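# Examination of the molecular architecture
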Amino acid sequence: MPWLVIVNLKQFLYINLALGAWAQLWCQSTATCTGMVRDPAGLAIPGAKVTLRNLATGFEVSSTTATSGEFAFRNLPFHTYELIVEKAGFMSLRQTVSLRSNVPVALEFTLPLASEQTVIRVFDREPGQLIEPQATGTQAEMNQRDIERLPGLNRGLETALVTFSGFAQNANGAIHPRGAHNQMTFVVDGMPISDQLTGAFANAVDPNIVQTVELYTGNIPAEYGSKVAAVANVTTRSGLGSGRSFAGSLLLGAAQFDTLQSVAQAVGERGKWGYSTSFHAWKSNRYLDQVSLENLHNGGNNERGFARLDGQLSSRDSIRFNLLAGRSSFQLANLPSQHANGMAQRQTLKDLSLMSGWVRSLDASATFDSTLSVRTATARLHPSPGDTPVTASQWRRLTTWTAWNRVNVVRARHQWKAGLDGQYFPVEEQFAFGVTDSRFNHPDSPHYIPTLEAHDLTRGGRLFRFHKRAAGGLYTAFLQDQARWGPFHFSLGLRQDFYRFLVRGNQLQPRLGVSYHLSKTNTVVRASYNRTYQTPPNENLLLSNSEESAVLVAPDVRETVGGAVVPIRPERQNLYELGLQQALGRLASLNLAFYHKNARDQQDNNNFFNTPVIFPMALARLRVNGAEARLVLPDWKGLTASVSATHARALSTPPFTGGLFLGNTAVEILNAGPFVIDHDQKLGLHSVIHWRGPRGFFLTNSTRYDSGLVTNPSDEDEVAADPDYADLLPYVNLRSNPPRTRPRTITDLLVGMERVAEGRKKWELSVQFTNLTNRTALYNFQSLFVGTRLVQPRTAAIRLRWHF
């Protein structure tokens, strides 16, 4: 009842506001490092250069001491850094600094005079700087510089994340982390976003706003929940520390398929306040990955905005406000028969996210922080008179209120974190559907659905209509500790979730990890166990779990998926991982990981006729075995490189629950017993090579090999007789067991030049080629999970960026 929803929302807000009544705080997942630099007489040294860097991740940031000799670094990702202090006439100092908590770290340095030493050591990279002994599971990091040098990032941040090991690539920017369909959470400055962020279903995170992103795929910390097959902790750009009241850049780009792009950004600081803004606009006549060899009815545009305001109110208090907004409007790509019939469906996506808060230091070793955020996302599918074989319209809205509360304490060898979190998510769905092709559900067809005749518009039927509202919540308590004992590092976490929506459930989740550092060989050995509780996707969950949807599915298919409607329950998963990291001399590092996961109530989606409409579904069980490797060359004479390898074997066990398997007769075959699901891939390889040459010249080569995802078990003769799909047969192997798309290798190339004057960038010009060899290939084929999509053909683009 509506009044009950309002009461529950009020209770939710009151409880979380009471928890932070004395401080409406921001959940800060970044570190702060401050310090003072003095000479041997104890006087402040102004103008000293202070640099923090992590060679393993490539992250580096610099600052200059003020007239007081003070410096400050904020918004830093959690890592161990090398800190370097330099000043002409003085001896340089270097120190290792561990920044693993948002508890501020204060340092003091005394620089000896250069005349006091007879020999100045020339610094060389140490092998131990290439490994992360504190990491007890698979994790990686990418920073702003890495992202800007990658070609083809219009779709979203997922395009950059897929360069890491652990992911299988799919259409429209979708990525499968470790055998999961999606089940990924983006945490943007402390605000969790678990929507399915791909170009077709929701507006993705704009890579232009990212300063750093930390990626967790193994040993997920206990503070993260809901959808944690992978977690991307995104830190956006801050104006604090920019050293200027107004600075920024303007990027203009153009490419084939009538593609235009612009990105305007500005940052600055004034006194104790800093700001950062970004606006990104993009349009193309190949907006989505096409569904046939011809690019038919596939134009669209996308706009994304971001703003962040930081205030350092005192030495103990800081405040922040964030805004993210996105809008996209695009045509749905047609099959040839749909295009000939004049089909012209469109999709509109909108989202708005707001976040505010502040962080307070309780003492020199403890902080309390909290966040209150709200995110609203809507999607609307617009039908057209020429829709075939069915017509459909949809409007859905998902609003997520989130409150996170954290206490962080550093004591000796321990870094404690405890939290109480809550999410409240009202959902509303409208869906209409009707058959427009008399051949689709003909009474003489072996796949005839009697209950569908009432909605066959060619036989006097009427539209099927669905409209429903509901609201649910996820409430959490957790405790975790990062501890060190000699060469051992421990990550000990415990999380309790309470899920309240269409079903009710609770789950206690241990998150345990250990690493052992062999300093003599610069080797780190890791092991971890995670219990996770992954909640169902909220998009179209009401219809998928409704009795009304039963009329759209054949009786025999409904029987194979359990007969009566069974609500989709959260996925309960066990994840075991063994890993090794090895420094290879002073040049590179090698990361290896082996994992096994088993789950009940596996989460997935059923795709509706190649449209952006998806219906959540579940299978009884999932088993995944995987192996991963990543070789990283951080920096050698201007050359940086990485090679990632991924193998995942994913086996699902029916029966199915939920979904809307209209026109998907393959569900009867798949329901016969365990089957290899479409997230399974024998081998994925991704290499990224970046070279910085003389006079500002740079080059990036990104090459990806995929052995092929599992496709629908379609009949080859039926496909050959279908004019919509016959010409795609050379790119899929329907005779293999299981059937798969053919292997593909896609190479992207970016070549450019940047101009730097007085230590600042002035302009940058680059040319890029996506799919340089113009390889024709499929992401998937007639899949009941994702439909049919092709890889983007060769596309040339040019970009010019001015810095001011």
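Everything below is about the structure shown above.
Just so it is clear, the structure is predicted and the values come from calculations on it, not from any experiment.

All right, on to the sheet that holds strand S14 (residues 230-236) then. Spatial strand order, S8-S13-S14-S11-S12: five strands in an open sheet with mixed pairing. The open sheet is flanked by strand S8 (139-143) and strand S12 (191-193), the only strands paired with a single partner. On average, each strand axis in the sheet is inclined to that of its neighbour by 20 degrees, with strand direction left out of account. In this sheet, S12 lies alongside strand S11 (residues 184-188) in antiparallel orientation, the contact comprising three bridges. Across the sheet, residue valine 187 finds its bridge partner in S12, namely proline 192.

Sheets are built from strands paired through backbone hydrogen bonds, the pairs being either parallel or antiparallel. Pairing is antiparallel across the open sheet formed by four strands, whose spatial order is S3-S2-S5-S6. Edge positions in the open sheet fall to strand S3 (59-64) and strand S6 (93-99), since each of these has one partner strand only. Sheet twist, expressed as the mean angle between neighbouring strand axes with direction ignored, is 20 degrees.

Moving on: the pattern of salt bridges. Tallied over the full model, the rule gives 35 salt bridges. Residues aspartate 437 and arginine 439 are paired through a salt bridge, measuring 3.0 Å at the closest nitrogen-oxygen approach. Aspartate 437 gets classed as buried once you look at its relative accessible area, which sits at 14%. Here arginine 439 falls in the exposed class, since its relative accessible area comes to 66%. Ionic contacts of the salt-bridge type, sharing partners, join the residues Arg149, Glu754, Lys761 and Glu764 into one network.

Quick look at the packing of aromatic side chains now. For any pair of aromatic rings, the description rests on two quantities: the centre-to-centre distance and the angle between the ring planes. All told, the structure shown has 15 aromatic pairs when counted by the stated rule. Between tyrosine 287 and phenylalanine 330, the aromatic rings sit 4.9 Å apart at their centres with planes inclined by 15 degrees, giving stacked as the arrangement. Placement of tyrosine 287 in the loop between strand S17 (273-284) and strand S18 (300-312) and of phenylalanine 330 in strand S19 (residues 317-331) is noted, with a sequence separation of 43 residues between them. No difference in accessibility class separates tyrosine 287 from phenylalanine 330, as the two residues are buried. Considering the side-chain rings of tryptophan 691 and phenylalanine 697, the 5.7 Å spacing of their centres and the 65 degrees angle between planes classify their relative orientation as edge-to-face. Classification of phenylalanine 697 as partly exposed rests on a relative accessible area of 26%. Pairwise contacts between aromatic rings join Trp485, Phe488, Phe490 and Tyr516 into one cluster. When the ring centre of phenylalanine 698 is taken as reference, the NZ or CZ atom of arginine 149 above it lies at 4.0 Å. For arginine 178, the ring lying beneath its charged end belongs to tyrosine 595, and the centroid distance is 4.3 Å.

Our focus in this paragraph is unusual backbone geometry. The phi angle of most residues is negative, glycine excepted, and most peptide bonds adopt the trans form. Residue proline 389 is reached from threonine 388 by a cis peptide bond, and omega for that bond is 0 degrees. When you line up the elements, proline 389 lands in the loop between strand S21 (366-382) and strand S22 (390-411). Backbone torsion omega between asparagine 737 and proline 738 reads 0 degrees, so that peptide bond is classified as cis. Despite not being glycine, serine 226 shows a phi value in the positive range, around 80 degrees. Inspection of the secondary structure assignment puts serine 226 in the loop between strand S13 (210-216) and S14. Assessed through its relative accessible area of 6%, serine 226 is described here as buried.

Rules of the game
- Residues numbered from 1 in each chain as written.
- Predicted model: local features only at pLDDT ≥ 70, side-chain atom pairs only at ≥ 80, totals over all residues.
- Heavy atoms only, no water.
- Pairing = 2+ DSSP bridges.
- Helix = DSSP H or I, 4+ residues; strand = E, 2+ residues; numbered from the N terminus.
- Axes fitted to C-alpha atoms, helices over the stretch in contact; angles between N-to-C directions.
- Salt bridge = Lys/Arg side-chain N within 4 Å of Asp/Glu carboxyl O.
- Buried < 20%, exposed > 50% of the residue type's maximum accessible area, 1.4 Å probe, protein only.
- Phe/Tyr/Trp six-rings, centres within 6.5 Å; stacked < 30°, edge-to-face > 60°.
- Lys NZ or Arg CZ within 6 Å of the ring centre and 35° of its normal.

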